[in-house]
Amino acid sequence: MLKLISPISIVWEITNNCNFKCPHCRAFQEYKQDSELIEEKILNEIIKSKVFVVNISGGEPLLNPRIFNIARKLTENNIYVILSTNGYLYSKYREEILNSGIKMVQVSVDGKKELHEKFRGVKDTYEKAIEALEMAKKDGMRTQMNVTITSENIETLEWNYNKAKELRVDRIFYRRVVPYGKAKVNRYVLPDRKRYYEIIKKLSLLKSDKLMVSIDEPILSVLLKDNNENHISCGAGIKNLGISSDGNVYPCIFLREKIGNLMEKSLIEIWNNSNVLKKLRNRDIKICRNCNFKYSCGGCRAFSGIYEKDEFCPL
């Protein structure tokens with residue numbers, strides 16, 4: 001199994017705060033003050049570890065007043081910086097975003113206006129999301145439309161594909177909702193499993209010369225019977241890590257199995273010594289241990305628990 005000296009990419013939640021009310025949110029629970037001291041420690045650890053890519057996320061990252069200083073310091077150290085935002089504040093901070101060195105902007109779009117705003121719980125958010133993608137594209141940044149697959153939008157996912165082509169964004173990124181945070185309680189957001197199989201297989205057939213289609217779904221290799229062991233579908237703890245605003249480190253930002261805190265241990269120490277990461281890299285997960293697809297799939301570890309069978313696995 002692949003073993004890197006440090007993670008290739010990190011998703012960093014620079015704040016837990018948000019201006020939306022999404023029923024599936026993994027981060028936002030209640031307002032809290034973000035710590036500049038912790039941010040400085042995380043920044044230094046990321047830079048020392050020679051990470052290639054940092055995805056600045058949240059909550060809503062534009063609510064953290066130090067976001068542009070964070071992005072600038074990362075880019076000054078040759079780190080490729082991505083901004084994941086709901087788009088609502090993008091026009092307000094357009095110039096600062098452009099001058100901070102951010103190279104790519106990801107905006108979540110659930111579907112058409114009525115669907116998107118019902119799910120996000122705030123009015124006039126659809127236009128802001130679309131506007132953010134258009135502005136970022138016009139300003140020369142790479143753009144990505146993020147689509148979380150839920151029970152609410154599973155029948156309209158091709159609309160997102162067509163809308164992304166219309167907007168000329170560079171990439172559309174689909175991923176299954178994870179039952180963590182609010183979605184752990186609001187389980188109605190989970191799509192029907194059999195219908196989900198049909199839909200993601202259909203999405204996998206979408207092709208465009210101008211739009212990259214990415215489906216972050218380990219079990220797709222099982223559904224398509226594509227057992228290519230050189231392709232590792234789940235990168236949790238293998239090439240990726242997640243870091244929360246309080247310095248906790250996770251195998252991925254959706255897999256909230258704490259493996260350390262950067263106020264107590266270095267990032268490299270956690271990366272090299274975590275027993276959880278060693279198990280993930282070796283696919284040492286009992287329920288999947290003898291599966292022919294354990295390297296090309298391995299299941300979504302965030303969905304059902306780190307050592308449990310992925311509830312959506314078709315086998």
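Our subject is the structure listed above.
As the structure is a computational prediction, the values presented were derived from the model and not from experiment. (Residues numbered from 1 in each chain as written. Predicted model: local features only at pLDDT ≥ 70, side-chain atom pairs only at ≥ 80, totals over all residues. Heavy atoms only, no water.)

Whenever I open this one, the nonpolar core confuses me. Can you help?
Note on soluble globular proteins: their nonpolar side chains tend to be buried together. In this structure, Trp12, Ile46, Ile56, Leu74, Tyr90, Tyr174 and Ile243 are the most contacted members of the largest nonpolar core, which totals 87 residues. For this core, the element with the most residues is helix H5 (residues 125–138), which contributes seven residues. Contacts of Leu74, omitting those with residues within four sequence positions, involve Leu43, Ile46, Val54, Ile56, Ile79 and Val81. (Core = buried A, V, L, I, M, F, W, Y, C linked by side-chain atoms within 4.5 Å. Buried < 20%, exposed > 50% of the residue type's maximum accessible area, 1.4 Å probe, protein only. Helix = DSSP H or I, 4+ residues; strand = E, 2+ residues; numbered from the N terminus. Contact = heavy atoms within 4.5 Å.)

Help me understand the packing of aromatic side chains in this model?
Counting across every chain of the model gives five aromatic pairs. A ring pair is formed by Phe68 and Tyr93, whose centres lie 5.7 Å apart and whose planes are at 50°; its orientation type is tilted. Taken together, the positions of Phe68 in helix H2 (residues 67–76) and Tyr93 in the loop between strand S3 (80–85) and helix H3 (94–99) put the pair 25 residues apart, joining distant regions of the chain. Classification of Phe68 by relative accessible area gives buried; the value is 11%. (Phe/Tyr/Trp six-rings, centres within 6.5 Å; stacked < 30°, edge-to-face > 60°.)

Would you mind going over unusual backbone geometry with me for this structure?
Among all residues except glycine, the phi angle is most often negative; among peptide bonds, the trans geometry is most common. One non-glycine residue, Lys50, lies in the positive phi region at around 60°. The backbone of Asn78 sits at a positive phi, close to 60°, despite the residue not being glycine. Tracing the chain through its elements places Asn78 in the loop between H2 and S3. Accessibility expressed as a relative area gives 71% for Asn78, which makes it exposed.

How do you make sense of the packing of H5 against helix H6 (residues 157–167) when you look at a structure like this?
Between two packed helices, the angle of one axis relative to the other and the distance separating the axes together describe the packing. Between H5 and H6, the shortest axis-to-axis distance is 10 Å and the interhelical angle comes to 45°. In this view, H5 runs oblique relative to H6, as classed from their interaxial angle. For H5 against H6, the interelement crossing comes out right-handed. Where H5 abuts H6, its residues Tyr126, Ile130, Leu133 and Glu134 lie against Trp159, Lys163 and Leu167. Among the residues forming the contact of H5 with H6, the class breakdown is five nonpolar, no polar and two charged. (Axes fitted to C-alpha atoms, helices over the stretch in contact; angles between N-to-C directions. Parallel < 35°, antiparallel > 145°, perpendicular 65-115°, else oblique. Left-handed = near helix turned anticlockwise from the far one by under 90°. Nonpolar A, V, L, I, M, F, W, Y, C, P; charged D, E, K, R; others polar.)

So, to be careful, I would describe these as geometric facts and stop short of saying anything about function.
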